[in-house]
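Here is what each chain is made of, one letter per residue.
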Amino acid sequence: MTAKEKSSIYPIFGVGLSLFIVLFGLITAKQVSSLYFLGGTYLILLVTGFHKACFRIIIPVLIVSSVFGVLTYLINQSVPSAVSIVSRLLAIGIAVIPGMSIRPIDLTRNMNQINIPRSVTLGMLIALNFTPLLSREIRQIRETMKTRGAGSVINFKILYRAFLIPLVMRLVNISDTLSLSVETRGFTLSGKDYSVYKTVKPSVKDFIILLAVVICAVTAVIL
Amino acid sequence: MENKKLFQKYKVKDIVFLAIVSAVTLVTSAVMPLVAHVPIFGIIQIVLGIQFSMFPAIGLMKVRKPGSLLFIAVFSGIVLVFMNQIMFFCLALCAILAEAVTLIIFKSYEKDAACFMAGALYLPLSLPFLYVWYKIVGGTDTVASYANEKPLLAVIMSLAVIALCSLGSFLGVKISKELEKSGALKK
């Protein structure tokens, strides 16, 4: 999701929705109705603005759940066990969709609005935003190892000296620069009042999505 | 001897470092979903053992304050909130327990051994927690059922997890000490 796009759902509702999908999916995993619920929820998300995340997630989730479903069937010779595994994996995959459509900054603003401590919101924002950057850093260190002809990371000495030490050094440097940058912008952890310039508010669409998913769950239970 | 408070205030740089450590723990744990449904007790902890002990130990060596491990658990759990909420609560609880045990024994994180112990205890504590949780919830394809079906394998896996986490925590302390010596890592 690009920086200019808006989150597809009110962030706290998104977290709640993910929680509901996973829990309902796990509780009803052994019943075929679980698949109806998950299919219905996927369609609801698809038509209510989550289409990009839906398209990105569906192929990997289908591949992984099919592989584990087939393996479980071959090992246990039991269709309910295979359905159970497939439902669980689909539930986890579909639950990720609302999370993928929430911008970390919106989640942070939302958490600030409901008075969650700033130390927690700052840490969460960094942990979410810096994950891709750190993947790049790790790749760069591996590239440097190749350039230096350091050999394979399977060798423990090489792993320690040429990979782990530079990685931790980079973490310390990034952390020092970032904390300086955060402090320069006037960010403090003290309990002083602060302004949230862009507030995040729930819309009618958010309530409709929640209601539709609940109706889908009730229908699956009745069926 | 200076009488220091047990609970010290966090600075912005502490939170930033702990968040960065959490992010790198997450990045290096990306392989976890591939083994999550392998029917062996403790397989997830085996895969995550080194990362979930080494990086928290590094975090504790720099930010030697009670609550650091809990911060790491919460920050690294933010991604889990969207896919495995049980694991999120499990990690938070394990962090609290590991900190409590360490602080009862060592009183603070001043000694390197305290950082090692907290790092080494953090992930292995999730084994009994998940076992008890799935025992209560029930079911045939759960962590508890895998352990009940093959108890010997469960014991061996648990010992392997403890060994891996001890190794990871030891590595974390060693790396931090080396960087402290060179002046790169300041407390």
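Since the structure is predicted, the reported quantities are computational estimates derived from the model, not experimental observations.

Residue and element names in this part refer to chain B. The pLDDT averaged across chain B works out to 86; a share of 93% of its residues lies at or above 70. Put simply, helix 2 (residues 32-35) is where chain B has its lowest mean pLDDT, 74, and helix 7 (residues 112-122) is where it has its highest, 94. Both scores are given for the predicted complex: the pTM is 0.81, the ipTM 0.83.

Our next topic: helix 5 (residues 68-77) of chain B. Since one α-helical turn is 3.6 residues long, residues separated by three or four positions face the same way. When you tally the buried positions in helix 5 of chain B, you get 9 out of 10 residues, the bulk of the element. Those residues of helix 5 of chain B that fall on the buried side of the exposure criterion are S68(B), L69(B), F71(B), I72(B), A73(B), V74(B), F75(B), S76(B) and G77(B). Tucked inside the fold, the buried residues of helix 5 of chain B contact helix 6 (118-148) of chain A together with helix 1 (12-28), helix 4 (51-62), helix 6 (85-106) and helix 7 of chain B.

Below, the discussion takes up the environment of N76(A). Summarising the element assignment, N76(A) is placed in helix 3 (residues 51-76). Separated by 37 residues in sequence, N76(A) and G39(A) place their C-alpha atoms 25 Å apart.

Turning our eyes to something else, we now look at the interface of chain A and chain B. The partner chain B presents 39 residues to the 51 residues of chain A that form the contact. The junction of chain A with chain B conceals about 4,100 Å² of combined surface from both sides, 80% of it contributed by carbon and sulfur atoms. The interface formed by chain A and chain B includes 1 salt bridge. Between E178(B) and R161(A) there is a salt bridge whose closest N-O contact spans 2.3 Å. Here chain A and chain B share 2 residue pairs in polar contact (both at pLDDT 80 or more) between them. Among the elements of the structure, helix 1 (11-27), helix 4 (79-100), helix 6 and helix 7 (156-184) of chain A are those that each provide at least two residues to the side of chain A that touches chain B. Take the side of chain A that touches chain B: its biggest share by element is 16 residues, from helix 7 of chain A.

In this section: the nonpolar core. Formed by 82 residues in total, the largest nonpolar core has its most connected members in F37(A), I97(A), L134(A), I20(B) and F75(B). Broken down by element, the residue count for this core peaks at 13 residues, all from helix 7 of chain A. Three or more residues apiece are contributed to this core by two domains, here domain 1 (11-102 + 202-222) and domain 2 (117-184) of chain A. Filtering out sequence-adjacent residues up to four positions away, F37(A) remains in contact with F20(A), I21(A), F24(A), G25(A), V213(A), C216(A), A217(A) and A220(A). Ranked by size, the runner-up nonpolar core spans 40 residues in total, among them A57(B), L123(B), L130(B) and C165(B).

Turning our attention to the side chain of N110(A). Residue and element names in this part refer to chain A. Examined against the element boundaries, N110 turns out to sit in helix 5 (residues 104-113). Polar side-chain contacts of N110 include one of 3.0 Å to the backbone nitrogen of I12. Dropping the residues within four chain positions of it, N110 is found in contact with Y10, P11, I12 and V200.

Analysis parameters
Residues numbered from 1 in each chain as written. Chains lettered and ligands numbered in written order. Predicted model: local features only at pLDDT ≥ 70, side-chain atom pairs only at ≥ 80, totals over all residues. Heavy atoms only, no water. pLDDT = per-residue confidence, 0-100. Helix = DSSP H or I, 4+ residues; strand = E, 2+ residues; numbered from the N terminus. Buried < 20%, exposed > 50% of the residue type's maximum accessible area, 1.4 Å probe, protein only. Contact = heavy atoms within 4.5 Å. Buried area = accessible area lost by both parts, 1.4 Å probe. Salt bridge = Lys/Arg side-chain N within 4 Å of Asp/Glu carboxyl O. Polar contact = N/O pair within 3.5 Å; in protein donor to acceptor, adjacent residues only side chain to side chain. Core = buried A, V, L, I, M, F, W, Y, C linked by side-chain atoms within 4.5 Å. Domains from an automatic or database assignment.

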